[in-house]
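Here's the letter readout for the chains.
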Amino acid sequence: MNIDVLELGPMANCTYLVSQDKDALLIDPAWDMNYIEHTLKEKGLNLLGVFFTHGHFDHVKESAQLLQSHGLKAYIEENDIILSGLPAEVLHPYRGEQTFQVGPFTVHAIPTPGHTAGGVCLQIGEALFTGDTLFPGACGRVDLPSSDPREMRKSLLKLSKLPEETRIFAGHSYGGKCSSYIGQERLKNPFMRNAIKDEKVIS
Ligand SMILES: [Zn+2]
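In this text, all values refer to a predicted model and were calculated from it rather than measured experimentally.

Here we look at the nonpolar core
Then, number 1: Core analysis: the largest hydrophobic core is formed by 22 residues, its most contacted members being Ile36, Val50 and Phe52.
Then, number 2: The set of elements that each furnish at least two residues to this core consists of β1 (2–8), β3 (23–27), α1 (33–42), β4 (46–51), α3 (63–70) and β5 (74–77).
Then, number 3: The contacts of valine 50, once residues within four sequence positions are left out, are Leu26, Pro29, Leu66, Leu67, Leu72, Lys73, Ala74 and Tyr75.
Then, number 4: One finds Cys14, Ile27, Tyr75 and Ile124 within the second-largest nonpolar core, a separate group that totals 20 residues.

See the structure below:
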């Protein structure tokens, strides 16, 4: 499995292109559909599915056009549909924890509310696409509409229990860094460390 990071837009958003042979998935395609289409074409990839980590505009912007042109519906947790502002005909809503098989890809959606109510992390093999829930050394903002700081702590605790070799890929490349490992975050991420320390209080 190959993972390409497409850093797009003025907010250092990361769109991820996951591919295996000629099959591909996109995670959080936003901002520049021409670039994304060009990349797919250049690599000769067949786009089979699209997943959103959450519904914030900077993760979904302009994607309706791409979805329509490929005849696809993007998988989104139902609590974030309204936030996305996308038309219902380009969305495939689901509720809670789910596993989807799209071509050769098994995608496990793990609900991680806190940044938004319908935020999820998407696990594909040993890769975990964390959206704005978990960043290397940080977590997402919890002061936005539908944010919940207490839920964020539970979500970080949940993620801390994944195998340490799980490689994370975050929704923004803040400071030029978008990737890390769960094992590293367990040791160094102050938000995750606090969640682990307070496990008894949180759960
Ligand atoms: Zn966000």
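Notes on the pattern of salt bridges
Then, number 1: In this structure the tally under the stated criterion is nine salt bridges.
Then, number 2: Of the charged contacts in the structure, one is a salt bridge between lysine 43 and aspartate 4, with a shortest N-O distance of 3.4 Å. Placement of lysine 43 in the loop between α1 and β4 and of aspartate 4 in strand β1 is noted, with a sequence separation of 39 residues between them.
Then, number 3: On the basis of relative accessible area, lysine 43 is assigned to the partly exposed category, the value being 33%.
Then, number 4: One salt bridge connects aspartate 143 with arginine 141, and the closest N-O pair in it is separated by 3.0 Å.
Then, number 5: Judged by relative accessible area, which is 55%, aspartate 143 ranks as exposed.
Then, number 6: Here the salt bridges do not stand alone but share partners, grouping Arg153, Lys197 and Asp198 into one network.

Analysis parameters
Residues numbered from 1 in each chain as written. Predicted model: local features only at pLDDT ≥ 70, side-chain atom pairs only at ≥ 80, totals over all residues. Heavy atoms only, no water. Core = buried A, V, L, I, M, F, W, Y, C linked by side-chain atoms within 4.5 Å. Buried < 20%, exposed > 50% of the residue type's maximum accessible area, 1.4 Å probe, protein only. Helix = DSSP H or I, 4+ residues; strand = E, 2+ residues; numbered from the N terminus. Contact = heavy atoms within 4.5 Å. Salt bridge = Lys/Arg side-chain N within 4 Å of Asp/Glu carboxyl O.

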